[in-house]
Amino acid sequence: MAVPKPLPRIENFEKLAFGMFIHWGLYSQLGRGEWVKFIEKIPTSEYAKLKDTFTAEKFDASSIVSLAKQAGMRYICLTTRHHEGFSLYDTKGLSDFDVMHSPAKRDLVAEFVSACRKFDIVPFFYHTTLDWYQENYEKDFNAYLEYLNKSIEILCTNYGKIGGFWFDGNWDKPTADWKESKLYSIIRKLQPEAIIINNTGLFEQGKIGHPEIDSVTFEQGRPNPMNRDGMAKYIAAEMCQTMNMHWGIG
């Protein structure tokens with residue numbers, strides 16, 4: 001059996017080779033990792049108060065991207081929204097739990113993308129699929145998925161060409177119908193050259209999921225050799241590693 005030829009977007013992704021992954025959000029004010037709400041069982045009403053002190057005064061996109069460039073990196077993936085549900089971008093009225101409703105009042109994703117253009121770095125967007133803030137995530141999952149899809153449509157249409165989308169959270173509801181085809185069709189329509197990744201989690205490293213997925217993930221683990229013989233589509237693989245036990249920047 002033959003190994004399929006990679007699509008141009010996948011071939012280009014493999015050529016990028018080395019990138020930076022940035023987790024930054026409300027949790028950064030606490031400095032105890034991006035899972036602090038879950039691990040320390042902080043009530044949502046209490047955790048949400050972190051929005052009121054979120055000034056983003058230390059967020060300097062140019063310095064971040066310049067550092068990545070000096071290190072030889074070719075792309076950066078930023079958490080546009082993590083599991084806490086707070087968005088670093090203007091959600092255009094979808095939610096008031098975003099950076100525009102915080103003291104920062106700046107679209108940090110726009111600043112990030114602008115800096116990437118300046119330094120010739122490819123911007124990637126991390127976006128959670130699970131959400132600890134939105135009540136519909138538990139009460140009305142279909143309504144929540146509409147909210148998620150509209151969020152991704154905003155990211156697809158307001159920031160120019162994006163290198164890819166890195167999703168994370170489907171593993172939280174492994175038996176749910178996530179309607180991935182609908183979500184990915186938004187990206188294929190509006191950002192046809194963007195890579196689509198959906199993290200399979202710490203315990204399903206390298207698992208191949210939906211047919212639209214362009215790369216498998218090996219989070220905090222060493223990748224296994226991938227046998228691509230007879231695959232319907234060439235799929236890339238990436239290894240994501242931290243230098244400590246969590247991802248969140250303090």
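Everything below is about the structure shown above.
These remarks concern the structure in this document.

Calculation rules
- Residues numbered from 1 in each chain as written.
- Predicted model: local features only at pLDDT ≥ 70, side-chain atom pairs only at ≥ 80, totals over all residues.
- Heavy atoms only, no water.
- Buried < 20%, exposed > 50% of the residue type's maximum accessible area, 1.4 Å probe, protein only.
- Helix = DSSP H or I, 4+ residues; strand = E, 2+ residues; numbered from the N terminus.
- Pairing = 2+ DSSP bridges.
- Right-handed = clockwise from strand over helix to strand, strands pointing away.
- Salt bridge = Lys/Arg side-chain N within 4 Å of Asp/Glu carboxyl O.
- Core = buried A, V, L, I, M, F, W, Y, C linked by side-chain atoms within 4.5 Å.
- Contact = heavy atoms within 4.5 Å.
- Phe/Tyr/Trp six-rings, centres within 6.5 Å; stacked < 30°, edge-to-face > 60°.
- Axes fitted to C-alpha atoms, helices over the stretch in contact; angles between N-to-C directions.
- Parallel < 35°, antiparallel > 145°, perpendicular 65-115°, else oblique.
- Left-handed = near helix turned anticlockwise from the far one by under 90°.
- Arc of directions from axis to C-beta.

Most of strand 2 (residues 75–81) sits out of view: seven of its seven residues are buried. Here strand 1 (residues 19–22) runs beside strand 2; their pairing, made up of four bridges, is parallel. From the neighbouring strand, G19 faces strand 2, where its bridge partner is Y75. Two strands pair when backbone bridges link them, and strand 2 and strand 3 (residues 122–128) are joined in this way by six bridges, in the parallel orientation. Across the sheet, Y75 pairs through a bridge with V122, a residue of strand 3. Read from strand 2 through helix 5 (residues 108–119) to strand 3, the crossover connection turns out right-handed.

A word on the pattern of salt bridges. Scanning the entire structure with this criterion turns up 13 salt bridges. Notably, a salt bridge pairs R9 with D214, separated by 3.1 Å at the nearest N-O pair. On the criterion of sequence distance, the pair formed by R9 in helix 1 (residues 8–16) and D214 in the loop between strand 5 (195–199) and strand 6 (215–219) is long-range, its members being 205 residues apart. The exposure class of D214 is buried, given its relative accessible area of 0%. When the shortest N-O distance is used, the salt bridge between E135 and K139 registers 3.5 Å. In this pair, the class of E135 matches that of K139, namely exposed. Connected through salt bridges with shared partners, the residues R9, R188, E212, D214 and K233 form a single ionic network.

We now examine the nonpolar core. If you look at the biggest cluster of nonpolar residues, it comprises 57 residues, and the most contacted ones within it are F54, V109, F125, I152 and F165. Looking at this core, the elements with two or more residues in it are strand 1, helix 4 (61–70), strand 2, helix 5, helix 7 (141–157), strand 4 (164–168) and helix 8 (180–190). For this core, the element with the most residues is helix 7, which contributes nine residues. Setting aside residues up to four positions removed in sequence, F125 forms contacts with C77, L78, T80, V109, F112, V113, L155, Y159, I162, G164, F165 and W166. Residues I10, L16, W166 and Y234 belong to the second largest nonpolar core, which totals twelve residues.

A separate point is the packing of aromatic side chains. Counted according to the given criterion, the structure contains 25 aromatic pairs. For the pair W24 and F54, a centre-to-centre distance of 5.4 Å together with 55 degrees between the ring planes defines the contact as tilted. Placement of W24 in the loop between strand 1 and helix 2 (36–39) and of F54 in the loop between helix 3 (44–47) and helix 4 is noted, with a sequence separation of 30 residues between them. W24 gets classed as buried once you look at its relative accessible area, which sits at 14%. When the centroid spacing of 5.4 Å and the interplanar angle of 80 degrees are considered together, the rings of F86 and F97 count as edge-to-face.

A positive phi angle is found at A17, which is not glycine, with a value near 70 degrees. Position of A17 among the secondary structure elements: in the loop between helix 1 and strand 1. Located in the positive-phi region is A56, a residue other than glycine, with phi close to 55 degrees. By the element assignment, A56 lies in the loop between helix 3 and helix 4.

This brings us to the packing of helix 7 against helix 8. Their axes nearest at 10 Å, the elements helix 7 and helix 8 cross at an angle of 15 degrees. With respect to helix 8, the axis of helix 7 lies roughly parallel. Considering the relative orientation of helix 7 and helix 8, their crossing is right-handed. Contacts between helix 7 and helix 8 involve E146, N149, I152, E153, C156 and T157 from the former and K182, L183, I186, I187 and L190 from the latter.

So, about helix 1. Along helix 1, the residues classified as buried are R9, I10, F13 and L16. End-on view of helix 1: buried residues confined to an arc of 110 degrees, all on one side of the axis. Exposed and oriented more than 90 degrees from the buried face of helix 1 are P8 and K15. Among the residues trailing helix 1, A17 stands out with phi positive, at a value near 70 degrees.

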